[in-house]
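The chain contents come next:
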Amino acid sequence: ILDNGNYTLFVPTDDALRRLPEHTLEVLSRNHKEELSELISNHIVPDNFILKKNFNGKEVKALSGRNLELNKDKKGRLTVDEIPIIGMVATGNNG
């Protein structure tokens with residue numbers, strides 16, 4: 001699914017996972033590969049957007065093809081589709 005390059009992965013919190021609809025939980029627990037792949041690819045975007053300064057109002061395309069909107073909320077936190085990013089924890093590489 002990924003080639004060489006930089007990517008940003010948005011990982012949901014445990015609380016967000018607990019709020020998922022029953023069907024989505026079933027997909028995650030029963031390993032429905034196509035639906036699981038789409039769900040995961042909705043959370044990955046090419047490039048390293050977290051480290052960029054100018055992302056307010058920027059739309060980025062997830063690997064699934066879905067557009068995600070990056071903004072800042074009233075508290076100055078980065079949001080993805082109006083959902084605040086809680087923390088920017090790690091960077092890494094595959095190699």
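That block above? That's the structure.
Residues numbered from 1 in each chain as written. Predicted model: local features only at pLDDT ≥ 70, side-chain atom pairs only at ≥ 80, totals over all residues. Heavy atoms only, no water.

Novice: Looking at this structure, how should I read the packing of helix α2 (residues 22-30) against helix α3 (residues 33-41)?
Specialist: Each pair of packed helices can be described by the angle between their axes along with the distance between the axes. The interhelical angle for the contact between α2 and α3, taken along N-to-C directions, is 110°, at an axis separation of 9 Å. Here α3 runs roughly perpendicular to α2, going by the angle between their axes. Facing H23, T24, V27 and L28 of α2, the residues of α3 in contact are E35, L36 and L39. (Axes fitted to C-alpha atoms, helices over the stretch in contact; angles between N-to-C directions. Helix = DSSP H or I, 4+ residues; strand = E, 2+ residues; numbered from the N terminus. Parallel < 35°, antiparallel > 145°, perpendicular 65-115°, else oblique. Contact = heavy atoms within 4.5 Å.)

Novice: Is there a simple way to think about the sheet that holds strand β5 (residues 78-80) in this case?
Specialist: The strands that make up a sheet are held in pairs by hydrogen bonds between backbone atoms, and each pair lies either parallel or antiparallel. Here four strands make up an open sheet; going across it, the order is β3-β4-β5-β6 and the pairing antiparallel. Among the strands making up the open sheet, the edge pair consists of β3 (58-61) and β6 (83-84). Across two bridges, the pairing between β5 and β6 is antiparallel. By the bridge assignment, T79 is partnered in β6 with P84. (Pairing = 2+ DSSP bridges.)

Novice: Help me understand the environment of P12 in this model?
Specialist: Considering the arrangement of structural elements, one finds P12 in the loop between β1 (7-9) and α1 (14-18). Owing to a relative accessible area of 36%, P12 belongs among the partly exposed residues under this scheme. Spatially, the C-alpha atom of P12 lies 9.0 Å from that of I85, the residues being 73 residues apart in sequence. P12 has contacts with L17 and H43, leaving out every residue within four places of it along the chain. (Buried < 20%, exposed > 50% of the residue type's maximum accessible area, 1.4 Å probe, protein only.)

Novice: Explanation requested: the pairing of strand β4 (residues 67-72) in the structure shown.
Specialist: The pairing of β3 with β4 spans four bridges and is antiparallel. Pairing of K58 across the sheet is with L70, part of β4. Counting the residues between successive antiparallel strands, the hairpin from β3 to β4 contains five residues, one of them, G65, with a positive phi of roughly 100°. Where β4 lies against β5, three bridges are found, and the strand directions are antiparallel. Residue pairing in the sheet places N71 in a bridge with T79 of β5. Remark: five residues form the turn of the hairpin made by β4 and β5, two consecutive strands paired antiparallel; G76 in that turn has positive phi of roughly 85°.

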